[in-house]
Amino acid sequence: MTQLLVSAEHIYLRRSGRDLLADASLSVAANEVVTLIGPNGAGKSTLIRVILGLIKPDRGKVRRSERLRIGYMPQRIAIDPSLPLTVERFLSLLGKDKGRLQHCLELTGTARLRQQAVQSLSGGELQRVLLARALYRDPQLLVLDEPVQGVDVSGQAALYRLIQQIKGETGCGVLMVSHDLHLVMASTDRVVCLNQHVCCEGSPESVSSNPAYLQLFGEQTPDVAIYTHQHDHSHDHGDSTDCQR
Amino acid sequence: MIIPEFLLNAVLAGLGVAAVAGPLGSFVVWRRMAYLGDTLAHSALLGVALGLALAVSINMAVVVVCAGLAIFFVMLQNNQTLATDTLLGILAHSSLALGLVAVSLLSDNTVDLYSYLFGDLLAVSTRDVLTIFAVSATVLVLLGIFWRRLLAMTVHEELAQVEGVNVALVRTMLMLIMALVIAIAMKAVGVLLITALMIIPAAASRRLARSPEQMAAFAALLASIAVIGGLAVSFYWDTPAGPSVVLCASALFLLSLAKPQH
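Structure report, in brief. Since the structure is predicted, the reported quantities are computational estimates derived from the model, not experimental observations.

Examining the nonpolar core
Within soluble globular proteins, side chains that are nonpolar generally end up buried alongside one another. Core analysis: the largest hydrophobic core is formed by 165 residues, its most contacted members being Leu-47 of chain A together with Cys-66, Val-181, Ile-182, Ala-185, Leu-197 and Ala-249 of chain B. Of the residues forming this core, the biggest block, 14 residues, is contributed by helix α8 (residues 167-189) of chain B. In this structure, this core is formed jointly by two domains, domain 1 (1-69 + 140-161 + 171-245) and domain 2 (79-138) of chain A, each of which donates at least three residues. Filtering out sequence-adjacent residues up to four positions away, Cys-66 of chain B remains in contact with Leu-40, Ser-43, Ala-44, Gly-47, Met-178, Ala-179 and Ile-182 of chain B.

In structure tokens, the structure reads:
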């Protein structure tokens, strides 16, 4: 039995007369990549923020394993150009571990950017630097909100590969948000399809053929995955469907 | 040459204010809080009126009113149907108007309104200087303690919170620091020009700095130069001290534009 890092149970959240989350549940274990997908306005980022403890849900419980170290990669970051901030400094804002810094920069391939101003980075560079920042505290759980945003397609595949590699090396759990199932298919262990509540979840292959998923996303051209990888572990979680609401 | 005591006091008071206006001003610039700073500064006159009416320390009254207004602003912002700058505009000018009316009602007091609006650096007493030094030292200590957390919050509030920063506490501390600086800066440049003394030196030091700390230090340095330059201008040409200090800062800002950006 793998160690459960975080679980959100029956989360309800209502803002300005609209249900953002209605009975949404999600859990992430160590050494597992969980991808949250769903259409715009499905509450993906909201659920992430509830799990991070940034928003208090109206109802429902969030449980975290004790002293859980979370590395968070926010969806967007807007640093005012008036703040002189190098990549190196951005990473070590709340810590001063030179070895760790170097390790995170090298792992994410951003070592050559270390003296550059954060505001001068391209979209792809910024995402990698944000990932490096999330890794800096040696997290047990990585939470990535649309990690490939603003990255070109080949860069996206590389970034997902990197996330997979990090999971393999550190054994951390990964929770990420994506809007495209096919792109993440190869690098995720479990997919949770959200539309205020959890419509369906399971292995990427099972979700992509699930009627609830197809209903939400329409019939798309199947399988435009950039690459597939060999699973070197088994998926022992049962695939479940729950969209009869 | 023997420096007359009033001028020595003015220089010391000005430098005490500049030392904190620079670093705090940097945060105001980074966090785009210039209009909030302006609003709080405008409300300081209401603090003056309250302090006089209740016969309590004017500095304390200013701090309390500024902090109160900051809290009120956050409450208004939480159920927002108006843009932030509209809200701030309403608060800034309402509180300034209220301050002006309140001061005029205290007509038995011979209140020198002009000195509160534009500062009265050349009239500070030795006691004022000591107060300014005490507040300035307190602010520097607070900034030092909260520096990393303030920076982390400035870069990304939610990221900072996930990484263990108590954002609500740090934000409150920033407001408190701002209220303290406004209370002492009022003596130097007056209610209407406080924000200028905070943001202009900080903006001028942007091109000189390679790190946040450098920018804060340069801002304090430039603000100090502006204080000394402004006082010199005021002394020799008999111009009002506060506006002269601000103009010196503006001149430094223009000079900084000449430096090419790397």
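Now that the structure has been shown, we can carry on.
Structural notes on the packing of helix α9 (residues 194-205) of chain B against helix α10 (residues 212-237) of chain B
When two helices pack together, their arrangement is given by the angle between the helix axes and by the axis-to-axis distance. All names here are of chain B. As a packed pair, α9 and α10 sit with axes 8 Å apart at the nearest point and diverge in direction by 120°. Taken together, the axis directions place α9 and α10 in an arrangement best described as oblique. As α9 packs across α10, the resulting crossing turns out to be right-handed. The segment α9 lies against α10, with Leu-197, Pro-201, Ala-202, Ala-204 and Ser-205 engaging Met-215, Phe-218, Ala-219, Leu-222, Ala-223 and Ala-226. A class-by-class count of the residues in the contact of α9 with α10 yields ten nonpolar, one polar and no charged.

Focus: the pairing of strand β7 (residues 173-177) of chain A
Residues and elements named next belong to chain A. The element β7 is extensively covered by neighbouring structure, given that five of its five residues are classed as buried. Two elements, strand β3 (residues 33-37) and β7, share four bridges in a ladder whose sense is parallel. Within the sheet, the bridge partner assigned to Val-34 lies in β7 and is Leu-175. Relative to β7, strand β6 (residues 141-145) is paired through five bridges, and the arrangement is parallel. Paired with Asp-145 across the bridge in β7 is Val-177. In this view, the connection linking β6 to its parallel neighbour β7 by way of helix α5 (residues 153-170) has right-handed handedness.

What counts, and where the lines are drawn
Residues numbered from 1 in each chain as written. Chains lettered and ligands numbered in written order. Predicted model: local features only at pLDDT ≥ 70, side-chain atom pairs only at ≥ 80, totals over all residues. Core = buried A, V, L, I, M, F, W, Y, C linked by C-beta atoms within 7 Å. Buried ≥ 20, exposed ≤ 12 C-beta atoms within 10 Å, placed from the backbone. Helix = DSSP H or I, 4+ residues; strand = E, 2+ residues; numbered from the N terminus. Domains from an automatic or database assignment. Contact = placed C-beta atoms within 7 Å. Axes fitted to C-alpha atoms, helices over the stretch in contact; angles between N-to-C directions. Parallel < 35°, antiparallel > 145°, perpendicular 65-115°, else oblique. Left-handed = near helix turned anticlockwise from the far one by under 90°. Nonpolar A, V, L, I, M, F, W, Y, C, P; charged D, E, K, R; others polar. Pairing = 2+ DSSP bridges. Right-handed = clockwise from strand over helix to strand, strands pointing away.

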